[in-house]
Amino acid sequence: MPSEVTVFLPDGSTRSVPAGTTIADLAAQIGRRLAAAAVAAELDGVLVDLSEVLVDDARVRIITSDTDEGRDVLRHSTAHVLAQAVLRLWPGARYAIGPAIADGFYYDFDLPHGARFSDDDLARIESEMHAVIDESQPFVREEHTIAEGLEIFADQPYKREIIEGVAEAAVRIDDELAAEAGGNPGAVSTYRNGPGFIDLCRGPHVASTARLGHFKLTRVAGAYWRGDERRPQLQRVYGTAWESDKAVEAYLHRLAEAERRDHRRLGAELDLFSFPPELGSGLAVFHPKGGLVRKVMEDYSRSRHEQSGYQFVNTPHITKSGLFETSGHLQWFAEGMFPPMELDEGHQYYLKPMNCPFHILIYKSRQRSYRELPLRLFEFGTVYRYEKSGVIHGLTRVRGVTMDDAHIFCTRDQMATELQSLLGFVLDLLRDFGLDDFYLELSTMPEEKAVGTASEWEEATEALRQAALAMELELVLDPGGGAFYGPKISVQVRDAIGRTWQMSTIQVDFQMPQRFEMEYVGQDNARHQPIMIHRALFGSVERFFAVLLEHYAGALPTWLAAVQVRILPVRDDHTFYAQRVRSLLAAAGVRAEADDAGEPLGARIRRAKLEKLPYVLVVGDSDLAAGTVGVNARGSDEPERGVSTDLFVEKLRLEAAPPVGRGFGTAGTGAP
RNA sequence: GCCGGUGUGGCGCAGAUGGAAGCGCAGGCGACUUGUAAUCGUCAGGUCGUGGGUUCGAGUCCCACCACCGGCUCCA
């Protein structure tokens, strides 16, 4: 055995150290600051503890606490401390899993006698965690056989279940669970903190609990074991942990920023919409300003659809049950539907959860020729879905929802080009609304709920995949995420603060045409079955509205703003001039209003700023004399005095109008 | 649907241990006529989410339901 080993560092340098040197020793040799910040390391591509002994020729990368990887280690280690604290406070508790997640960690428990955590428990647990940290307990890694593991966790059924899962060593092990247990089939690893606590874990962990401390428990929640609602519900504690108190503060600040953008809050503050409890959960009303914004969105969408070869249809909100029997909704989607109304001597009527069967009936209202295809039918169709009470959330998850829904009926040959131009159209429209950071998600056949043959699914999935690839955007797979009747592509949008939202969906469907026995007469004079593409660009108008509000933090771009310009006269005797400017703007298609001078100017300015209006004009003596306005543009601190009224009106004529639609002509291929 | 929390005038909040419902903003009215983020005064507004119960007495305690918030499951 050599007395020295040589290791390679990430910067390409090498270092020789005495045999038996640990990574922690190496970090200390390299520098005091590195040693202080180190939490774990990567040794020949494997994440390991700092206590790992270096071997000759190893490639070593030290992971510090101020990196994403380092924070994961801190969070995972903090989760162990959380578990230990809970076991001290609730003797006999069972502990399940406790991974690091984005910005934090959680741990799931099964408390004795069915006890539940309440918010008040968080402070108690936190202080017990600090006690654990103050004890400077080392994290000690141990390797065990499956049998030993089962012995160690003899009275911990959740741990045993994880170990048994590892033992089965099937390829289909849940990644998260495998990670908990150590990863290697046939063996498990544990980490021990002092005599009182041991947990099944792959690691790596910090060397000692003393290394932790910048954390905060955030909430308690119920969570199903292994994410399965048929299994027991466990008690989950969420927390956040960082490398410093300053980083914790920054995180809390980010949460506050998201809170500031919350569309539910903005909807109330800006008088856009509300959810009257009298209506029931998940049913929104749009107030005049919200209604106006929505009208602008919808009008713009209609004009783009018109240019892209869509035809407009309208269909009712309820139907007899037969339609949904034919479509398969009652078989596959019944739990998402409101219960039926019994009318007319035993006929059952349902509120519609989807528009597609109605559009199919329009297609079937007469015989169709191949010359009519692709036939594109569009509707802002309001549908009703019986969402479970716990999932309703502002405008993003409601029970009455308006889809910008269209169904395209085309031949198999037309499918590929249609999908491609459609995706281009979608992205174009989203960009017009200022959303331009996307990726695509391809959802494939669900394991349980699906109709149709494997080859049909394969063909449809492949057509979608090709269309997606042509967009040259990031494409991620969502296995099993398709609807019961077909696979889908969804456009995921990243907003101004980096959150992602599912927006548009495009689904290929061979099933409905079969179920409804749809057909067209081909050039060969024979009957053929069309295929059907379901697509919604906004997804739902309500959700799209919410996403725009959050993306812009309520400060909608001028063309979407309900009030685009407000004109404030300095004194009463400037009111006439303010009204004249207002009518000039109105004549230019600008939504402008003028108030009166009943309050001090400062108060009126303040109110207008809080309403996030794009422009606030102030007009006084000098403006009357010179034909000018004082312009306060949203977002600029300094007003601009003496701007020519005519120039301002011309500027707003352009800015207040909807975007002309960059990419017109490329998107609307195939218009009749 | 499940777990935890919340529910006081339009909005934001006070109202230890049960003992006569308050504040700020918003709103009405009056005065002020104001050049860039809150003028002054005055008035009005609440069956304390709903329904039961305990009590001499309930905004305060108990039960059920409704709605909302944070999660889980689900999802546009």
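Residues numbered from 1 in each chain as written. Chains lettered and ligands numbered in written order. Predicted model: local features only at pLDDT ≥ 70, side-chain atom pairs only at ≥ 80, totals over all residues. Heavy atoms only, no water.

If you had to explain the domain arrangement of chain A to someone new, which residues and values would you point to?
For chain A, the domain assignment lists domain 1 (4-64), domain 2 (69-256), domain 3 (273-551) and domain 4 (565-655). Inter-centroid distance (C-alpha atoms) of domain 1 to domain 3 is 54 Å. (Domains from an automatic or database assignment.)

Go over the sheet that holds strand S17 (residues 318-320) with me, naming the residues and quoting the values.
The three strands lie next to each other as S17-S19-S18, forming an open sheet whose pairing is antiparallel. Each end of this open sheet is capped by a strand with a single partner; those strands are S17 and strand S18 (341-343). Going across the sheet, the axis of each strand differs from the next one's by a mean of 35°, ignoring polarity. By the bridge criterion, three bridges tie S17 to strand S19 (residues 347-351) in an arrangement that is antiparallel. Of the residues in S19, the one forming a bridge with Thr 319 is Tyr 350. (Pairing = 2+ DSSP bridges. Helix = DSSP H or I, 4+ residues; strand = E, 2+ residues; numbered from the N terminus. Axes fitted to C-alpha atoms, helices over the stretch in contact; angles between N-to-C directions.)

Can you lay out the packing of aromatic side chains for me, pointing to particular residues and giving the numbers?
Evaluated as defined, the whole model comprises 27 aromatic pairs. Measuring from ring centre to ring centre gives 6.3 Å for Tyr 95 and Tyr 107, while their planes differ by 40°; the resulting arrangement is tilted. In this pair, Tyr 95 sits in strand S6 (residues 94-95) while Tyr 107 sits in strand S8 (residues 104-110), placing the two residues twelve residues apart along the sequence. Here the two residues Tyr 95 and Tyr 107 agree in accessibility, since each one is buried. Ring geometry for Phe 324 against Phe 358: centres 6.2 Å apart, planes inclined by 65°, an arrangement best described as edge-to-face. (Phe/Tyr/Trp six-rings, centres within 6.5 Å; stacked < 30°, edge-to-face > 60°. Buried < 20%, exposed > 50% of the residue type's maximum accessible area, 1.4 Å probe, protein only.)

So what's going on with the packing of helix H18 (residues 575-587) against helix H21 (residues 645-655)? Which residues, and what values?
Where H18 meets H21, the closest approach of the two axes is 9 Å, and the angle between their N-to-C directions is 35°. Here H18 runs over H21; the crossing is right-handed. Mapping the contact onto sequence places Tyr 577, Val 581, Leu 584, Leu 585 and Ala 587 in H18 and Thr 645, Phe 648, Val 649, Leu 652 and Arg 653 in H21. Partitioning the contact of H18 with H21 into residue classes produces eight nonpolar, one polar and one charged. (Left-handed = near helix turned anticlockwise from the far one by under 90°. Contact = heavy atoms within 4.5 Å. Nonpolar A, V, L, I, M, F, W, Y, C, P; charged D, E, K, R; others polar.)

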